[in-house]
Amino acid sequence: MQKPGLPEGTRDFGPEQSRKRNYIFDTIRAVFIKFGFQPLETPAMENLSTLTGKYGDEGDQLLFKILNNGDFLQKADPDALEARDSARLASSISKRGLRYDLTVPFARFVVMNRHALTFPFKRYQVQPVWRADRPQKGRYREFYQCDVDVIGSDSLLYEAELVQIYDEAFADLQLPVEIRINNRKILYGIAEVAGITDRFTDMTVAIDKLDKIGFDGVRKELSDRGIPAAAVATIEKILSASDLEALQPVFAASETGKQGLEELEQVFRYLEKVPLRNEVRFDITLARGLSYYTGCIFEVLAKGVKMGSIGGGGRYADLTGVFGMPGLSGVGVSFGADRIYDVLDMENLFPDALTESVRILFAAFDEATHLYAFECVSAVRAAGIPADLYPTPGKLKKPFDYAAKCNIPNVAIIGETEMQERTVTVKNQQSGEQKSMSLDELLQYLSGH
RNA sequence: GAGGAUGUAGCUCAGUUGGUUAGAGCGCUAGUUUGUGGCACUAGAGGUCGGGGGUUCGACCCCCCUCAUUCUCCCCA
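None of these values were measured; they are calculated from a predicted model.

Undergrad: Would you mind showing me how to read the overall build of chain A here?
TA: Assigned secondary structure in chain A consists of 18 helices and 16 strands. Relative to the 2.2 N^0.38 estimate, which gives 22 Å for 449 residues, the radius of gyration of chain A is 28 Å and therefore markedly larger than a compact globule would have. With the C-alpha coordinates aligned to their principal axes, the bounding extent of chain A is approximately 90 × 65 × 50 Å. Residues classed as buried in chain A amount to 49% of the 449 residues present. Across chain A, every contact between residues at least 6 apart in sequence was considered, and the portion connecting residues at least 24 apart equals 69%. Accessible surface for chain A amounts to roughly 22,500 Å². Of this, 51% is attributable to carbon and sulfur atoms. Side chains of chain A give 53 positive and 63 negative charges; the mean places of these two sets differ by 3 Å.

Undergrad: Would you mind showing me how to read the nonpolar core here?
TA: The nonpolar side chains of soluble globular proteins are, as a tendency, buried together. Of all hydrophobic cores here, the largest spans 100 residues; its most connected members are F170, M203, I310 and F335. Sorting elements by how many residues they give to this core places helix 7 (residues 157-172) first, with 8 residues. Filtering out sequence-adjacent residues up to four positions away, M203 remains in contact with L187, I190, A191, I196, L222, I227 and I235. In this structure, C376, V377, V424 and L446 belong to the second largest nonpolar core, which totals 19 residues.

Undergrad: How should the environment of N348 be read in this particular structure?
TA: Checked against the element boundaries, N348 lands in the loop between helix 14 (337-346) and strand 12 (360-364). Placed 179 residues apart in sequence, N348 and A169 show a C-alpha to C-alpha distance of 17 Å.

Undergrad: Can you help me understand helix 6 (residues 103-112) in this one?
TA: Structural remark: α-helix, 3.6 residues per turn; residues separated by three or four positions point the same way. Counted residue by residue, helix 6 has 9 buried out of 10 residues, so it is predominantly covered. Packed against the buried residues of helix 6 are strand 2 (45-47), helix 2 (48-51), strand 5 (121-130), strand 6 (142-151) and strand 10 (311-316).

Undergrad: Would you mind showing me how to read the sheet that holds strand 15 (residues 423-428) here?
TA: The pairing of strands in a sheet comes from backbone hydrogen bonds and takes either a parallel or an antiparallel form. If you trace the 5 strands from one edge of the open sheet to the other, you get 13-12-14-15-16, paired in mixed fashion. The sheet is open, and its two edges are formed by strand 13 (387-389) and strand 16 (434-438), each paired on a single side. The sheet shows a mean angle of 25° between the axes of neighbouring strands, taken without regard to direction. With 5 bridges joining them, strand 12 and strand 14 (residues 410-414) adopt parallel strand pairing. The residue of strand 14 that forms the bridge with I360 is N410.

Undergrad: Mind showing me how you'd approach the side chain of T103 here?
TA: If you trace the backbone, T103 turns up in helix 6. In this view, T103 contacts R123, D147, D149, Y292, Y316 and L319; residues no more than four positions away in its chain are not counted.

About the cut-offs
- Residues numbered from 1 in each chain as written.
- Chains lettered and ligands numbered in written order.
- Predicted model: local features only at pLDDT ≥ 70, side-chain atom pairs only at ≥ 80, totals over all residues.
- Heavy atoms only, no water.
- Helix = DSSP H or I, 4+ residues; strand = E, 2+ residues; numbered from the N terminus.
- Rg over C-alpha atoms; globule rule 2.2 N^0.38 Å.
- Buried < 20%, exposed > 50% of the residue type's maximum accessible area, 1.4 Å probe, protein only.
- Contact = heavy atoms within 4.5 Å.
- Areas by Shrake-Rupley, 256 points an atom, 1.4 Å probe, with all protein chains shown as cover.
- Lys, Arg positive; Asp, Glu negative; His and termini not counted.
- Charge placed at Lys NZ, Arg CZ, Asp CG, Glu CD.
- Core = buried A, V, L, I, M, F, W, Y, C linked by side-chain atoms within 4.5 Å.
- Pairing = 2+ DSSP bridges.
- Axes fitted to C-alpha atoms, helices over the stretch in contact; angles between N-to-C directions.

Just distances and angles here, no functional claims.
Shown next, in the form of structure tokens:
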């Protein structure tokens, strides 16, 4: 006999967890649909050529690769095999990999189906993704993303809609969040003003850590990355500006920076027109890792909870370009369902009703009454009410025990008398109240209890 | 990729400086007037102590190796 186990960083979801997860998915999906997004599903695996080079060097290393079928070593690169060079060998023995996110497969889909799509194309996608990261708290190797993207328009209307979607979905989930927004062009403008456009990435990585390591830490990080002291001083001065207005004079010398400012102002002009239930905040230090973002970027943090971001996204001016379809701008955001689950669980924010499986359990005493009970449970089900029949007739201890453990609120007792009178005796598990009623009365009773 | 922690019953964990037959709680099964659950009581099943090697008269305990899980850093949802 072998010991059963699960691969590192993956999990089973039992009935209760699944119900809670579906609650999250359903809530988010309903908002997506309301905003006019259309469903899309893509395969778990993609050609590696589709995935590699889209997420930076680190991302490439986190891709799960799938071993080719058949006698793959026969066709393996003999030199790489001899040299034990895994990186080089991989391409000759693996041509497919598990998807790393939902955005790149979406871009591939758009390019392949451009003839059939009407732009701007709004799609949502709720599927698992896989990353060969070292698992830890709030980080898994298999996790779900709920993505919404619009492709084929550079209108800032969509940035505003996506903020609204975040706001509404988290309000529906009763989870207070802070939605942070920034613009890649503002970050580039900082680099321009500081005269270090060649060190743009180093700069963003460093200032992204501001709320974690403070100004002193950022200063050190910038210096360590070889950015001159004068530039560090300039950056620090710009970072201390907390609102958009204060940045106006700073970007007098940066066309890109100015443009970033204008974009954010436009987004806020839209948002001023609608009521929002969560805090939306401009955060100049927000950077985000993925290299394809070009305009607005977003991040969502749960308030008062120690957990990484539970959502993020941004504008990418030319994601489809690598697949041979340039000039198509897109913007999208993602909900990290598994982290949202962890936060809702920690904060006890799941609705109580989620634990209920069926409304009523039928229990009978012998073969004859069991048959009548089967008739009854079928009638209840036919009325669209979830119901169950305990499989073995006999003493009532077992079915009552079962009902208690499965959180079933009503138990119907079916005995000789009930069968004769064509009634059922229903006990409410919570109040202990018990009464006899006809089947019609039962249906009415159940729709209320 | 770097570093730490933990592996003992189905689950959560005790286990003395190394000493006879390895424990508890929960869960499970069966009972406690054969038409009534959560509670209580009684009885019972269930472990090659992650695996391999070593030290020792003797190892759950000490040493080495290995596997698995988990946490932190990097990075991310």
